[in-house]
Structure formats: C-alpha cells, structure tokens
2 protein chains.
Amino acid sequence: MSTKPASKVVAPLKDELDIVIPTIRNLDFLEMWRPFFEQYHLIIVQDGDPSKTIRVPEGFDYELYNRNDINRILGPKASCISFKDSACRCFGFLVSKKKYIFTIDDDCFVAKDPSGQDINALAQHIHNLLTPATPFFFNTLYDPYREGADFVRGYPFSLREGAPTAVSHGLWLNIPDYDAPTQLVKPRERNTRYVDAVLTIPKGTLFPMCGMNLAFNRELIGAAMYFGLMGDGQPIGRYDDMWAGWCTKVITDHLGLGVKTGLPYIWHSKASNPFVNLKKEYNGIYWQEEIIPFFQSAVLPKECTTVQKSYIELSKLVKEKLGPIDPYFQKLADAMVTWIEAWDELNSAAVAPVADAAKKDASSSSKK
Amino acid sequence: MSTKPASKVVAPLKDELDIVIPTIRNLDFLEMWRPFFEQYHLIIVQDGDPSKTIRVPEGFDYELYNRNDINRILGPKASCISFKDSACRCFGFLVSKKKYIFTIDDDCFVAKDPSGQDINALAQHIHNLLTPATPFFFNTLYDPYREGADFVRGYPFSLREGAPTAVSHGLWLNIPDYDAPTQLVKPRERNTRYVDAVLTIPKGTLFPMCGMNLAFNRELIGAAMYFGLMGDGQPIGRYDDMWAGWCTKVITDHLGLGVKTGLPYIWHSKASNPFVNLKKEYNGIYWQEEIIPFFQSAVLPKECTTVQKSYIELSKLVKEKLGPIDPYFQKLADAMVTWIEAWDELNSAAVAPVADAAKKDASSSSKK
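Residues numbered from 1 in each chain as written. Chains lettered and ligands numbered in written order. Predicted model: local features only at pLDDT ≥ 70, side-chain atom pairs only at ≥ 80, totals over all residues. Heavy atoms only, no water.

**Q** What exactly am I supposed to notice about the overall build of chain A here?
**A** Each helix and strand counted, chain A has 11 helices and 9 strands in total. In terms of C-alpha radius of gyration, chain A reaches 20 Å, essentially the compact-globule figure of 21 Å for 368 residues. By principal-axis analysis of the C-alpha atoms, chain A measures approximately 50 × 50 × 50 Å. The buried share of chain A, reckoned over its 368 residues, is 60%. Across chain A, every contact between residues at least 6 apart in sequence was considered, and the portion connecting residues at least 24 apart equals 76%. As presented, chain A carries roughly 14,300 Å² of accessible surface, and 54% of it is formed by carbon and sulfur atoms. Separation between the mean location of the 41 positive side-chain charges and that of the 44 negative ones in chain A comes to 1 Å. (Helix = DSSP H or I, 4+ residues; strand = E, 2+ residues; numbered from the N terminus. Rg over C-alpha atoms; globule rule 2.2 N^0.38 Å. Buried < 20%, exposed > 50% of the residue type's maximum accessible area, 1.4 Å probe, protein only. Contact = heavy atoms within 4.5 Å. Areas by Shrake-Rupley, 256 points an atom, 1.4 Å probe, with all protein chains shown as cover. Lys, Arg positive; Asp, Glu negative; His and termini not counted. Charge placed at Lys NZ, Arg CZ, Asp CG, Glu CD.)

**Q** Help me understand the UniProt feature "glycosylation site" (unreviewed entry) in chain A, please; the structure alone is not making it clear to me.
**A** All names here are of chain A. Per the UniProt record, "glycosylation site" (unreviewed entry) is found at Arg153. Structurally, Arg153 is set in the loop between helix 4 (121-130) and strand 6 (165-174). For Arg153, a relative accessible area of 6% gives the class buried. (UniProt positions renumbered as here; feature names shortened; annotations may be inferred.)

**Q** Help me understand the environment of Leu255 of chain A, please; the structure alone is not making it clear to me.
**A** Turning to its location among the elements, Leu255 of chain A is positioned in helix 7 (residues 240-255). In this structure Leu255 of chain A touches Cys304, Thr305, Thr306, Val307 and Ser310 of chain A, once residues within four positions along its chain are discounted.

**Q** Would you mind showing me how to read the UniProt feature "site: Required for activity" (unreviewed entry) in chain A here?
**A** According to UniProt, the positions carrying the feature "site: Required for activity" (unreviewed entry) are Arg153 and Arg160 of chain A. In this view, Arg153 of chain A contacts Asp177, Tyr178, Asp179, Pro208, Cys210, Arg238, Asp241, Met242 and Glu281 of chain B; residues no more than four positions away in its chain are not counted. Inspection of the secondary structure puts Arg160 of chain A in the loop between helix 4 and strand 6. What makes Arg160 of chain A buried here is its relative accessible area of 12%. In contact with Arg160 of chain A, other than residues within four places in its own chain, are Tyr145, Phe151, Val152 and Tyr155 of chain A together with Asp179 and Thr182 of chain B.

**Q** Would you mind going over the packing of aromatic side chains with me for this structure?
**A** One pair of aromatic rings is described through two measures. These are the centre distance and the angle between the planes. Under the definition given, this model contains 44 aromatic pairs over all chains. Considering the side-chain rings of Tyr226 of chain A and Trp339 of chain A, the 5.0 Å spacing of their centres and the 25° angle between planes classify their relative orientation as stacked. Of this pair, Tyr226 of chain A sits in the loop between helix 6 (218-221) and helix 7 while Trp339 of chain A sits in helix 10 (residues 327-347), and the two are 113 residues apart along the sequence. In this pair, the class of Tyr226 of chain A matches that of Trp339 of chain A, namely buried. Considering the side-chain rings of Trp243 of chain B and Phe295 of chain B, the 5.3 Å spacing of their centres and the 75° angle between planes classify their relative orientation as edge-to-face. Pair noted here: Trp243 of chain B is in helix 7 (residues 240-255) and Phe295 of chain B is in helix 8 (residues 274-297), with a separation of 52 residues, a long-range link. This pair shows no difference in class: Trp243 of chain B is buried, exactly as Phe295 of chain B is. (Phe/Tyr/Trp six-rings, centres within 6.5 Å; stacked < 30°, edge-to-face > 60°.)

**Q** Got a minute to help me understand a nonpolar patch on the surface in this structure?
**A** All names here are of chain A. On the surface, a nonpolar cluster with roughly 400 Å² of combined accessible area is contributed by Leu184, Val185, Phe275 and Leu278. Elements represented by at least two residues in the nonpolar patch include exactly helix 5 (180-185) and helix 8 (274-297). Looking at where Phe275 falls in the secondary structure, it is placed in helix 8. (Patch = residues over 30% accessible without salt bridge, like charges linked within 9 Å, V, L, I, M, F, W, Y side chains within 5 Å. Salt bridge = Lys/Arg side-chain N within 4 Å of Asp/Glu carboxyl O.)

**Q** Sorry, what's going on with the pattern of salt bridges here?
**A** When their charged atoms lie close together, side chains carrying opposite charge are able to pair. By the definition in use, this model includes 44 salt bridges over all chains. Of the charged contacts, one joins Asp179 of chain A and Arg160 of chain B as a salt bridge, the two residues approaching to 2.8 Å between their closest N and O atoms. On the criterion of chain membership, the pair formed by Asp179 of chain A in the loop between strand 6 and helix 5 and Arg160 of chain B in the loop between helix 4 (121-130) and strand 6 (165-174) is interchain, its members lying in two chains. Both residues of the pair, Asp179 of chain A and Arg160 of chain B, belong to the buried class. Lys249 of chain A is paired through a salt bridge with Asp253 of chain A; the nearest N and O atoms lie 3.0 Å apart. Residue Lys249 of chain A and its partner Asp253 of chain A are both found in helix 7; the two are separated by 4 residues, about one turn of the helix. The exposure class assigned to Lys249 of chain A is buried, which follows from its relative accessible area of 1%. The network of salt bridges with common partners includes Glu31, Arg34 and Glu38 of chain A.

**Q** For this particular structure, what's the right way to read the relation of the copies chain A and chain B?
**A** One copy of the chain maps onto the other through a rotation about an axis plus a displacement along that axis. Of the two same-sequence chains, chain A is brought onto chain B (RMSD 0.0 Å, axial shift 0.0 Å) by a rotation of 180°. Taken together, the rotation and translation describe the operation of a two-fold axis. Within chain A, Val195 of chain A has its C-alpha nearest the rotation axis, a separation of 2.8 Å. Of the interface residues in chain A, 100% have counterparts in chain B that sit at the interface too, so the contact is made through matching surfaces. (Least-squares fit on C-alpha atoms with pLDDT ≥ 70 in both.)

**Q** How should I be thinking about the side chain of Thr261 of chain A in this particular structure?
**A** Structurally, Thr261 of chain A is set in strand 9 (residues 258-268). Judged by its relative accessible area of 1%, Thr261 of chain A falls in the buried class. Here His169 of chain A takes part through its side chain, which lies 3.0 Å from a polar atom of the side chain of Thr261 of chain A. Setting aside chain neighbours within four positions, we find Thr261 of chain A in contact with His169, Leu171, Ala197, Val198, Leu199 and Ile201 of chain A together with Phe138 and Thr140 of chain B. (Polar contact = N/O pair within 3.5 Å; in protein donor to acceptor, adjacent residues only side chain to side chain.)

**Q** Please clarify how the state of the cysteines should be interpreted in this entry.
**A** Note on terminology: a disulfide is the covalent bond linking the sulfur atoms of two cysteines. Residue and element names in this part refer to chain B. Evaluation of the coordinates by the stated rule reveals 0 disulfides over all chains. In this structure Cys108 is not part of a disulfide, and its nearest cysteine sulfur, from Cys210, lies 7.6 Å away. Using a relative accessible area of 0% as the deciding quantity, one classes Cys108 as buried. (Disulfide = S-S within 2.5 Å.)

**Q** Can you help me understand the nonpolar core in this one?
**A** Where a protein is soluble and globular, its nonpolar side chains tend to be buried together. Ranked by size, the top nonpolar core spans 242 residues in total, and within it Trp243 of chain A together with Trp243 of chain B carry the most contacts. If we skip the residues at most four places from it in the chain, Trp243 of chain B touches Tyr226, Gly228, Ile291, Phe295, Tyr311, Val318, Leu322, Phe329, Leu332 and Met336 of chain B. (Core = buried A, V, L, I, M, F, W, Y, C linked by side-chain atoms within 4.5 Å.)

**Q** I would appreciate a short explanation of the interface of chain A and chain B in the present structure.
**A** For an interface, size is often stated in terms of accessible area lost upon the parts coming together. With 59 residues of chain A at the interface, the matching set in chain B holds 59 residues. Both sides together, the interface formed by chain A and chain B hides about 5,000 Å², and carbon and sulfur atoms give 57% of it. Summed over the three residues of chain A that lose the most area to chain B, namely Phe138, Arg153 and Arg193 of chain A, the buried surface amounts to 17% of that side. Put simply, chain A and chain B have 10 salt bridges between them. In this structure, the connection of chain A to chain B is made through 26 residue pairs in polar contact (both at pLDDT 80 or more). Of all the secondary-structure elements, those providing two or more residues to the side of chain A that touches chain B are strand 6, helix 5, helix 7, strand 9 and helix 8 of chain A. Top contributing element to the side of chain A that touches chain B by residue count: helix 8 of chain A, with 6 residues. Tallied by class, the residues present in the side of chain A that touches chain B amount to 30 nonpolar, 12 polar and 17 charged. (Buried area = accessible area lost by both parts, 1.4 Å probe. Nonpolar A, V, L, I, M, F, W, Y, C, P; charged D, E, K, R; others polar.)

As structure tokens, this is what we get:
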C-alpha cells in the first residue's frame, strides 16, 4: 500500500458506484480516463453484433453484456431493451447493484477547465449527487452548497435544507449536443464556453436530458431511467435519453427530488452524421411537439409514493394520451411496464442472488 | 463630431433608456461609470433630507427628485412612495418616459471579467433585453441566442422563437447580496466566481430579485415594478426589490414574458451593517414563509390582459390572502392600487405634457 504514489486520485464512493458504458467498439477511450475510472467497476453494454469482441484496456474491473446475455438474463422481457441504439445502456442500470450510476459515451474524453487542469468529471458528479438540490426556489448565485457561495437575500429559510439530488446532468465542450437540423445548419459550431456553475432545474420545468455524461442515484430514481424503445425495428432514434429525462423529471418533481445540470464538462470528440441523425430523429422532432405538453401537464396521483408506482401510472397516461398519435406509443407504454417488471425481478432482495449469479456468469464469459 | 476619439463607447438605445439611481450621498461613483453612462440620461431619486445637496459629477445629463418633488408631483398619491429606503427608486420608473430602465445602487462599481476587461454592465443588460427569453423549457447550454450557442437536441422547435424579455437581473462580484443572518454568520465571504452565463428563470419559478443591478422593459412590465412600502414608518425594510420581484414574476408568467438572470456582474463595494439589516429584515424573514407559497400559488384570471389589470388583481389577492398575517399587508395592497393610479396618471398619453412639465421643473430646480 505504501508504495502507491501519493498523487493517486481519491476515488469517492468507489464501492457504491458503477460506470455504465454502451458501446459497439473497442474501449480505447478508457485510457484517457484511467486515473479517474480505474478504481471503479464498469458495466459495459455491447450493442450490435454479439459475436464481435470488444477490447477493454488492461487493469479495468468490468462486466460486459452483449445481446445474447441480455436475452438470456431477461428472457421475454428482453423486448424492452433497445437494439442498435445507445438506449441499450439502461440494461446496465438494471443489472447494477450499486447505489449510484455514472454513464458516459465512448466518444467522450477528459476536458480541461480554464486553468488547464484535467476535469475529474466523475468526482464532480458525485459532489453534485451528495449535496442537496434546490428545486422549489431559484438561487441567483447558483449552487448554494458550493464553497464560497450561499443562499442570497430573500431565499426562504424553510427551503434552505433543499431536496435530495436524484440526477446530475453534465455538459460537453467541443461538439455540442445538437439535433440533426442544427448540425446541418451549423456544422462548424463548437462549444468553447466553460460555465462554472451547477444549478437545479426548478420543479415543474422540463429539460432535454442528454445521456452522454450523466449520473444518478439509482436507489432514488433508477427505476425511471428507462431509455425507451429506439433503434432497430423502431420508428425513432436519438430520443432515448430525452424520453428518460422527461419521465424522470415528472417523477422527481412528484416525489420532491432534485435534478442538477451544469458542471462537469467532458470533451465530446466527434459529431455523429447529421444525415443519419435526421433519419433517426424526424419522427421525434415532430412528435415531441405533442409529447412535451403532455409531460408538462402530467399529474401523478398522491398514491404513487415510489418510483415504480409513479412509472406504472405514467405508462398508463402515455398509452391513453400519446397512444392516439401513433401505435408506437402503445408499444412503448407496454415496454415501460415490462421494464418495471424486469427492474423488480432483478432488484428485489429475494432474487438478488439469482441476478448476481447471472451477472457473474455473463462477466466471466465476456471478460478478456 | 470628427474630433471625438475613435474609442468612444457605443451607446445602444441611448435615447430609449433611463438610468435610475436612488441615493442619499454625492454620486462620485459615477466617475467610474463615465465611459458607459455618460451618453445616457439619469434619473436620480434623492432619499432622506431634501434640503441636502447631492453632488453629481460634471458632464452627466440628469434630472433629480427629492422628497419635496415627489410630494408635489404625486400629491396625496405620494404616500405609495417609500421614504428612507431604496424602495423610493420606483418613483424614477414612474416619471421616466423611456422604454427601458436600468437601475443601479451607488455602491456598485465597474467589475472586471476574467480577462481583466472592464464590464459594460449596461450594454449586457441591453443585449439581454433585446434578445428573447426561454421561460417554457430549459436549455442546458444556457442562453441559446448567444454567439456560439444554440438550442440543444430535444428542445421543441415550436418554442425556439422564445418570449419577449421583460427583465434582466444582473449579479455582483465581491460582496454578495446576503441577508442579515448570513452576513452575520459569514462576514468574510466574498463572491469571486464569474459565471459566464445568462439564463431564463423558468415559468412558474420564483426568484429573489435584487434591485442593485437591474434592467427592464418599462413598456412591458414597468407598472409592476413597484417596490412597496418600506423604511420610514413601515415594519419592514430590505424587501422592496423582493416584493417587486415576486409580483413581477407572477405577472410575466401570466403574460408570457421572460425574466433573465446572470450576466452582467457589477462590483459591489461595501456590505451594509448586518445589525441594522437584521432589524429591517426580521419581519420579512418571518413573513416570507407565508408570502412565497402565496405567490407560488397565485393565479390571475384570463381577463387580466395588461400589466395594470394584473397588478390590480394581485393587490386584491394580497389583501385577501396576506391581510390576515398583518395589517401591514392591507396597507400595502392599498398602496399597490395607488401606485397603479399614479402610473396611469403620469403615463397616459393625454397627461404626458403635464408630467413632462413637472419633470422639467424638478430638473431645473435641482440640477447643479
């Protein structure tokens, strides 16, 4: 122990957090993250051809699931997990046994802050998750729990305890997360602005949640972090994280939990093809004009005291109110129910050993 | 004209904006603002002893009103303008004939951005006011109308036109705007964090509006910018801007207008005395625990299609719902009505010449 370099990065919550990575390629990007991720456990969800071997750099502790593993573990319920879309990442949330999740895309690298220091994105997410959120009133100096900041004059004292933070949504330097039309119109736009702030998205306000650089408290909100039916065989793509974000925000608002956005930044290296994206997105761009008002006005009954109950109730509303737009939403509403069934099956105390066994099996069969 | 230096600061909207300054002392602080303010018209509201002479640096174009002027111009309606409290600044909003107002305290100086450049706070406010706000959905990359930014993936296209911006709320480096208890607990805390962002406070969310560094569109929201009854003879102080902020936010939300906060920063030089502040604030600290839920749940009827109608309706709700807390709120509700009467009297087209004459008179009698 004493031979370890003093500069070794402290790894908070290392036994309570899984890093979930959806991928179709070798995970060389992990080399850059090594100082920050090496002490954590990774859950890799391999999308696409299960016969392909994904190379993971030496020294990382991981389990890997391909489509065969997903089908084997979930059986008929595997239908709720998307194929050929990064929406498959939510399978990692399902099989994790940890309290916290950080999920990151494999084209995201370590960004630098304005002083030139490498940003430990995971440490910032953990800080965000472990300090309260302020969804009920806006603090003009941003995060009041941050060193050197506080609640400003006029902030009600009864609200200064805040609310438990369920979600920490991080941002991106370099390639911004634009939709296909904006990509097409502004192909050269890069995000160079480092905004040194974390803020709570107020209660009652929806936001576009991006899955590229996202952390959450799995115990508080995990069961709502379902990324929907996207990609192969579905009429829509690139709305997986948006769907999860809308559902999550409605449920965190209902349950009195907080959602933060802002720091940390990662370096997003490569824009995806805008023409391909347009094909995936066009239904979503059209449908969201009705979906957003639906979520803005969705009210859950008081009896929904858990995430699962809230989510099942929301699935009924989706079927009733969005079903008429397109049969896809009826299928999606059914998949939401299947997801909760799978969640409860893998996450109830009684069957935990079974799930663990499945994980070990998958892990040993896939690990290099 | 050609002899003017090329570096002269461009003064946008210089014929459409008044700078309102409440004060009890000589306005030497204007020297530092000279490059940015010199081409604008100032409205100085002298608080306290009207026999005192306020010195204004040479070269500024201004009109000055003391308590005698206020009493003469408003007659019995002068009762709605506070005395011995910076709440008196709203008299300046009342007598202005311009479309935009910027109001600043006389202990606020020019701040520097991280590159060491002087910040032209007024120019940033004008930029904020002239670009739309986004109150209906949160944009994670902050102001989408800023150079180098846009709406992110998942932002509904139908909402990208935004809403007219009614208010631009600026922040403070150095001395943060804390209440007395926080001042007492953290006497040495300074705000050193420059957050390079402007954002819209979402619809339905209240915020603590500080009057130190504030701009607004007088045509859109001026009639709601009433700073209440504070100071001399009142059981409360230092809640003038908070009151205006709560009322303003409820009405902008009702009318589909936007409120922005963030840039620009000013340099706040001096903390006020926390013991004096505590005496002024203690009722407000107690009462706001009921006031905030009141404003959070206040709903204005559809028939209120103007700021004036909305404000009168709000005054009725104040009397009905807050009146039982303390007789003060009944007096305040009446003052709200008086304010609107005064506003309509001074701002209707028919009587504009009268108001102008009064202003000229006040101006010539007070100008150095």
